[in-house]
Amino acid sequence: MAEFEIVDRDGWARLGRLRTPHGTLETPALLPVVHPDPARQAIAPREIRARYGLGALITSSYITYRSPPLRDRAEREGIHGLLDFDGPVMTDSGAFQQHAYGHVEVSPLEILTFQDRIGTDIATVLDIFVEPDAPHAMAAEGVEETRRRAEEARAVRGGLLAVPVQGGGFADLRQRSSEIASELGDILAVGGVVPLFEQYRYLELVTVLAAARPHLGPAGVVHLFGTGHPMTFALGALFGVDLYDSSAYYKFARRGRLLFPEGTVALDTIREEICRCESCRRLPLSELSRAPPPAREVALAEHNLRISSEEMGRVRQAIREGTLWELAERRASAHPALAAALRTAKRHPEWFLAVEPESRRAYRETGFESFARPAAERFRARLRRSGRAPATGPTLPRLPLVPEFLERIPPSTADGAPIAWSCPTPFGLVPLELTELYPVGPALTESDYSEERPASVSPRSIGERAAEATGLPGAADAGRIPVWTARQIGTALAWRYGPEIGSRLDPGGWIGERSRRTGRLRTILTGSIPLFQIGNDGIPRPTFAAAERLHRALPSPHERVVVAGEAVEFVRAGRSLFSRFVRDADPELAPGASALLVGPDDELLAVGRLLLAPREMGAMRRGVAAVVSAHRRAPVPERSEDASDDL
Ligand code: GUN
Ligand code: ZN
């Protein structure tokens, strides 16, 4: 099994570390395709790493094998000697030549053992390249033949093995092929998609990825064959592509094309210096079309590789920041086919909810469709489940949920009936008291800056609007604040844990403490016992005392991560829970959620903040599954003002 560790995540994307015999690879990573013949390399492998920051390569074992001089050198000096490169090298098997020329002249076992012999870091099974338009029977036969070859390969290959996923355009076959690859392979390489890239059939690409992705084992490293264009990297990452291989940088260069994450530009149309990367500074673009073809091709390949490498860096950065959807949306405007593909992905939040993080630091609109991200759907689904979805009732603009506003808004009518205030937001109508929750609270939307928004949402103007809507006094009344606080607490807990939770946790009632600095609700207590801390995402996070109550109120497996017996003592004492010690996890939990960490007999050990999705826990052999935030032997937490602001 691959030595692969997840460090951070967003969508299906993982920021990961893959160990190979020639060093560790940080994923998502771009593996440029290099020709095994040094005389035919546009850019030497050593330079690719030194000047472009791309630490791993892919080359063709088939081309190497078929050329006696290359083969001799590779057999003598290894593939790293032939390439003069000592970083991780992946070798492909010749299936692409089968696609291009209709046949290959080597047996699957021969090319596999050859890859092994020349010391490749990642060997690839010689698969059957199933064309996207192949009929079902033919595609099914391709999947089965690929399976036979993968089984044969696994029996002889001890090192990392890439097993291709085929199946053409058929979801059932992509699923079967994904399951086979996950069983036999370390690298799960989605193949047969090059024609989709070449013909901008991104919509079909997305349906292939959606069919395959949930069935690719979490511990496997996902490779996508042929993703060359940088405008597609963010979309691929959303579907959890860890490795990309690209020959696009020189293929486009040969056709006089410049790659940008925003799209493709033909060199012969360029009159301005639209890029000042190192190679475009050396050979200005406005002069490049007059350069001799070999120099021009190299310059374009250099530009293309640099831009591709930078975009891969942006994808990794976006995963760290939780802004991958934003990046994918911005890139989707590069090509209408890409926009259509991303829109289709958003029509299927269920494709993502198993791995969708509970919250992120920011939520930034790039256009109207930004509000169809899976995070928005999760919010609405929880709102429906809570039984607090607003139907009728007066509305107010989004406002800070702090005393100087809340004291102006009557929570109930003159005869004591609660008034269901809500706010129209781009996510739909949201109960006033939930408007600071992720994604509604952190969302930065165009309407916040548009002309329709009242220039100042002031306590006074809100009071006037509230009075107008209800006929009740709009003047400040401090007596309303505790009512609002109680309602904020009850609704937030119902949203997070379900409609009945409030009475099951504490029939006696709640106390809310607000930050003295910001006025925002920060701590939920019962008596003097702190039960929940509320961070900037608005989500209540249980203390150990609350976890004990949740544990009693919610039957197993709800909200639980089950810790293996051997790790129980460590977790009880507050140490991080490693993935390999997870026995089970509630599939409803999301990465980033606070969960109950329990022993095999359901004894509550600790509260943990999840770094992995439930499906990944236990399946990943390396890495942390949850960081403990409170545990059984913890001292009673100090209640210092604003201490929770940094949560
Ligand atoms: N290169 C591009 N597509 C493919 C594929 O489907 N299989 C293999 N092995 N290599 C490829
Ligand atoms: Zn450039």
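Above this note sits the structure.
Below or above, wherever it landed, is the structure these notes cover.

About the thresholds
Note on numbering: residues in each chain are counted from 1, in written sequence order. Chain letters start at A and ligand numbers start at 1, both assigned in the order the entries are written. Local features are withheld for residues below a pLDDT of 70 in this predicted model, meaning they are given only at 70 or higher, and side-chain atom pairs are given and counted only at 80 or more; totals for whole chains, interfaces and linings count all residues. To get the side-chain values, take all heavy atoms of the structure and skip hydrogens and water. Pairing between two strands is assigned when DSSP locates at least 2 bridges connecting them. By the criteria applied, helices consist of DSSP H or I runs no shorter than four residues and strands consist of E runs no shorter than two, each listed in order from the N terminus. Axis definition: a line fitted to C-alpha atoms, limited for helices to the stretch in contact. Angles are taken between N-to-C directions and run from 0 to 180 degrees. With water omitted from the atoms examined, metal sites may look incomplete; donors here are N, O and S atoms no farther than 2.8 Å from the metal, or 3.2 Å in the case of Na, K and Ca. Only four donors with every angle between 85 and 135 degrees are called tetrahedral; only four or six donors with opposite donors over 155 degrees apart and all others between 65 and 115 are called square planar or octahedral, in that order; all others are irregular. Exposure classes here rest on a 1.4 Å probe applied to the protein chains alone. A residue is buried below 20% of its type maximum, exposed above 50%, and partly exposed in between.

1. Things to note about the sheet that holds strand S1 (residues 4-10)
In step 1: Ordered by their spatial adjacency, three strands build an open sheet running S1-S2-S3, and the pairing between neighbours is antiparallel. Edge positions in the open sheet fall to S1 and strand S3 (23-27), since each of these has one partner strand only. Averaged over all pairs of adjacent strands, the angle between their axes in this sheet comes to 15°, without regard to strand direction.
In step 2: The sheet contact formed by S1 and strand S2 (residues 13-20) spans six bridges and is antiparallel. Across the sheet, the residue bridging to Glu-5 is Arg-17, located in S2.

2. Comments concerning unusual backbone geometry
In step 1: A cis geometry characterises the amide bond from Thr-27 onward to Pro-28, with omega recorded as -5°.
In step 2: Within the fold, Pro-28 resides in the loop between S3 and strand S4 (29-34).
In step 3: The omega torsion across Ser-556 and Pro-557 is 10°, close enough to zero to call that bond cis.
In step 4: You can see Pro-557 is positioned in the loop between helix H22 (544-553) and strand S22 (560-563).
In step 5: Of note, the phi angle at Asp-84 is positive, near 55°, even though the residue is not glycine.

3. Description of the coordination of the zinc ion (ligand 2)
In step 1: On the protein side, the zinc ion (ligand 2) has Cys-275 (SG), Cys-277 (SG), Cys-280 (SG) and His-303 (ND1) as donor atoms, found 2.0 to 2.4 Å from it.
In step 2: If you look at the zinc ion (ligand 2), its four donor atoms make angles of 105 to 118° with each other, and the shape they trace is tetrahedral.
In step 3: The sequence pattern formed by the donor residues of the zinc ion (ligand 2) is C-x1-C-x2-C-x22-H. Placement of Cys-280 in helix H12 (residues 278-282) and of His-303 in helix H14 (residues 293-321) is noted, with a sequence separation of 23 residues between them.
In step 4: In this structure His-303 comes out as buried when scored by relative accessible area, which is 0%.

Geometric values such as these leave the question of function open.
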